[in-house]
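One letter stands for each residue in the lines below.
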Amino acid sequence: MTDILLSITPVHFDTSSTSTMRLIQNDVELPSINEQTTTPSLYKTPSPTTTNSSYHSKSRYPAAAVANPVFSQSIQATGIMSRWGICFLIMLSSGWALAVAEVANKSGAAGLVWSTAKDASELLGAVEKDETSSTVLAEDADGLDGGFSSLDGMLQWAIGHSDPSKLKDAAENVKHLSPIDLQKRQMELKELMERLKTPSDAQMMQIAIDDLNNASSSLENQLRALEELLILVEPIDNANDFNKLGGFAVIMKKLNSPNLEVRITSAWIIGKACQNNPLVQKQVLDLGALPKLMMMVKADSSEEAVKALYAVSAMIRNNIKGQEHFYKESGGLMLQDLLSKLEIDIRLRRKAVFLLGDLVECHLETSKTSAQPLFSNQFFLKTVVDLLSSDDLDLQEKALVAIKNLLQLRSTDAMIFKDYCNLEKALGDLQKQLSRLMTEDVPGGYVTDVESLRRDVELVFQEKLQQDGLVAT
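Residues numbered from 1 in each chain as written. Predicted model: local features only at pLDDT ≥ 70, side-chain atom pairs only at ≥ 80, totals over all residues. Heavy atoms only, no water.

Below, the discussion takes up the overall build of the protein. For the protein, the helix and strand inventory stands at 26 helices and four strands. A fraction of 71% describes how many contacts in the protein between residues 6 or more apart in sequence connect residues 24 or more apart. With an accessible surface of roughly 23800 Å², the protein has 51% of that area assigned to carbon and sulfur atoms. (Helix = DSSP H or I, 4+ residues; strand = E, 2+ residues; numbered from the N terminus. Contact = heavy atoms within 4.5 Å. Areas by Shrake-Rupley, 256 points an atom, 1.4 Å probe, with all protein chains shown as cover.)

Okay, here's the thing in structure tokens:
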């Protein structure tokens, strides 16, 4: 087996595929290991129209298609590249290089290479223009559509496309190699297997952090690094490791970047990492991220403000100390300002009222102290109730949740909701709007859910009135 492996010139193939390996017709010469002077990149700029992986000449690792959620899950799986290595050795031992040349001669192509993003339909559609090639591909469809269901399937394909006599001759030739040539061939195989190894998530995060720390790194490379981190920090284990690598300290600096996209993605990364993660919430709060992000909520760019508010919400959710810090930084006034301005981005208003409902719910569940004075302020409460008159169903639903929670606070006055906020009329008008939507071309399930929530709020409101003695029991 060793003689056979050493006798075959290594075949170059693309290792950036994250699922199955697919063959395509391509006029590309098969280079030796020594000719492969460029190495693949860790990063790939996401694009909705991009289908093929790209490479960066200065990086050591396969490109990561960060915009693809399937890839973001597959890069966390272990053993993928090592299985490729096994498959590669199996193909070598079966005369893969010779089989490639043989198929290429039959099809009229210069050679075959691995591809990452060609479907079987694309492949067959491309070669149907060549009658001879399509005949060959039709005969070998099982091997050329990338559909190896198992290692056995790949092995059987390799054996079926091998020439035993040529393998035997090649093995005999190896016996006559000098010790120097033999060692050189062994080093080539070792180098190839090293290239097949995939880095861990921690290694990829460290590479991205190093790029962000590199003062000479281009803006394009920094954006690529940030996009990669946006995917990598989402799993809770990676988020917990991020600060150990110095990641949050770097991201904090990027919040002050003059580049808008850098600031937006940096805030987004913080929000992703903080979600339902008390450890990371504490780490980011200790670094002083909250005041900076709250300032970014007031930015002229709607996208920057939205991502900053998302990060603020993720940072203080179910976090009592974080919420105390939020109120000290005038977070209540920030919410009132966002909810009262009709001209601001609707996404900001949705996130603001969602955060309000979450803060009140957290207080109901955990706090034994009195609620924030803001929650009893009649002007603030009217601002929230007025959201029910919006024509945005998502905003109305989130406002209903916030009102329901506010009604359950002991500190809120039912009289304010009844007389000043005119909640009863607002709920009635909303009922008419929802009834109309149910008869129109609107997804009925969602409208029905909002109506159910509206009725719940109505019931809680009536109970509140009874408790305060404003209606007869």
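What follows deals with the nonpolar core. Formed by 90 residues in total, the largest nonpolar core has its most connected members in Leu293, Met315, Phe326, Leu356 and Phe375. If you count residues domain by domain, this core takes at least three from each of domain 1 (194-329) and domain 2 (331-472). Among all residues touching methionine 315, those that are not within four sequence positions of it are Ile270, Cys274, Gln281, Val284, Leu285, Ala289, Leu290 and Leu293. (Core = buried A, V, L, I, M, F, W, Y, C linked by side-chain atoms within 4.5 Å. Buried < 20%, exposed > 50% of the residue type's maximum accessible area, 1.4 Å probe, protein only. Domains from an automatic or database assignment.)

This part covers the packing of helix α21 (residues 346-366) against helix α23 (residues 393-407). Describing two packed helices takes the angle between their axes plus the distance from one axis to the other. At a minimum axis separation of 8 Å, α21 and α23 run at an interaxial angle of 25°. On the basis of their axis angle, the class for α21 and α23 is roughly parallel. Here α21 and α23 pass one another in a crossing that is left-handed. Contacts between α21 and α23 involve Ile346, Arg349, Arg350, Val353, Phe354, Leu356, Gly357, Val360, Glu361 and Leu364 from the first element and Asp394, Leu395, Lys398, Ala399, Ala402, Asn405 and Leu406 from the second. When its residues are assigned to classes, the contact of α21 with α23 shows 10 nonpolar, two polar and five charged. (Axes fitted to C-alpha atoms, helices over the stretch in contact; angles between N-to-C directions. Parallel < 35°, antiparallel > 145°, perpendicular 65-115°, else oblique. Left-handed = near helix turned anticlockwise from the far one by under 90°. Nonpolar A, V, L, I, M, F, W, Y, C, P; charged D, E, K, R; others polar.)

The UniProt record annotates "coiled-coil region" (unreviewed entry) at residues 202-229. Between the end C-alpha atoms of residues 202-229 the distance is 10 Å, and the span holds 82% helix and 0% strand. (UniProt positions renumbered as here; feature names shortened; annotations may be inferred.)

A few words now on the side chain of asparagine 238. Its place among the elements puts asparagine 238 in helix α13 (residues 236-242). You can call asparagine 238 buried: its relative accessible area is 9%. Look past the residues within four positions of asparagine 238 in its chain and what remains in contact with it is Asp201, Met205, Leu232 and Val233.

Our next topic: unusual backbone geometry. One non-glycine residue, asparagine 276, lies in positive phi territory at about 50°. Mapped onto the elements, asparagine 276 comes out in the loop between α15 (260-274) and α16 (278-286). Judged by its relative accessible area of 59%, asparagine 276 falls in the exposed class. With a phi angle near 55°, asparagine 318 is a residue other than glycine that sits in the positive phi range. Inspection of the secondary structure puts asparagine 318 in the loop between α18 (302-316) and α19 (320-328).

Okay, the pattern of salt bridges next. Counted according to the given criterion, the structure contains 20 salt bridges. Across the pair arginine 185 and glutamate 188 runs a salt bridge, and its minimum N-O distance is 3.4 Å. Of this pair, arginine 185 and glutamate 188 both sit in helix α10 (residues 179-195), separated by three residues, roughly a single helical turn. Salt bridges sharing partners connect three or more residues here, namely Glu303, Lys307, Asp345 and Arg347. (Salt bridge = Lys/Arg side-chain N within 4 Å of Asp/Glu carboxyl O.)

Moving on: the environment of leucine 226. Along the polypeptide, leucine 226 turns up in helix α12 (residues 219-232). The sequence separation of leucine 226 and isoleucine 209 amounts to 17 residues, and the corresponding C-alpha distance is 8.6 Å. Not counting the four nearest positions on each side in its chain, leucine 226 is found in contact with Leu212, Ile251, Val262, Thr265, Ser266 and Ile269.

This part takes up the packing of aromatic side chains. The relation between two aromatic rings is expressed through the spacing of the ring centres and the mutual angle of the planes. In total, this model carries four aromatic pairs according to the counting rule given. When the ring of phenylalanine 242 is compared with that of phenylalanine 248, the centres are 4.9 Å apart and the planes differ by 90°; the resulting orientation is edge-to-face. The residues phenylalanine 242 and phenylalanine 248 share a single accessibility class, namely buried. For the ring pair tyrosine 327 and phenylalanine 375, a centre distance of 6.4 Å and an interplane angle of 80° mean the geometry is edge-to-face. Highlighted residues: tyrosine 327 in helix α19 and phenylalanine 375 in the loop between α21 and α22 (378-386), separated in sequence by 48 residues. Grouped by ring-pair contacts, the aromatic residues Phe326, Tyr327 and Phe375 constitute a single cluster. Above the face of the tryptophan 268 ring, lysine 307 is positioned so that its terminal group lies 4.4 Å from the ring centre. (Phe/Tyr/Trp six-rings, centres within 6.5 Å; stacked < 30°, edge-to-face > 60°. Lys NZ or Arg CZ within 6 Å of the ring centre and 35° of its normal.)

With that settled, consider α10. For α10, spanning 17 residues, the distance from its first C-alpha to its last is 24 Å, which sits close to the expected 24 Å at 1.5 Å a residue. Three or more residues of α10 are buried, namely Arg185, Glu188, Leu189 and Leu192. What you see down the axis of α10 is that its buried residues fit within an arc of 90°, all on one side. Seen from the open side of α10, the exposed residues pointing more than 90 degrees away from its buried face are Pro179, Ile180, Gln183 and Lys190. (Expected span 1.5 Å × (residues − 1). Arc of directions from axis to C-beta.)

Let us now look at the environment of serine 376. Mapped onto the elements, serine 376 comes out in the loop between α21 and α22. What makes serine 376 partly exposed here is its relative accessible area of 24%. In this structure the C-alpha to C-alpha distance between serine 376 and leucine 409, which are 33 residues apart in sequence, comes to 8.9 Å. Setting aside its immediate chain neighbours within four residues, serine 376 contacts Leu381, Ser411, Thr412 and Ile416.

Model confidence for the protein is summarised by a mean pLDDT of 75, while 66% of its residues fall at 70 or above. Predicted confidence is poor over residues 1-146, with pLDDT under 50, and the contacts of this stretch with residues over four places away or in other chains come to 241 contacts. (pLDDT = per-residue confidence, 0-100.)

Further remarks concern the packing of α15 against α18. Where α15 contacts α18, the two axes come as close as 8 Å, and the packing angle between them is 20°. Taken together, the axis directions place α15 and α18 in an arrangement best described as roughly parallel. Judged by the sense of rotation from one axis to the other, the crossing of α15 with α18 is left-handed. Of the residues in α18, those in contact with Leu260, Arg263, Ile264, Ala267, Trp268, Ile270, Gly271, Lys272 and Cys274 of α15 are Glu303, Glu304, Lys307, Ala308, Tyr310, Ala311, Ala314 and Met315. Per-class residue counts for the contact of α15 with α18 are 11 nonpolar, one polar and five charged.

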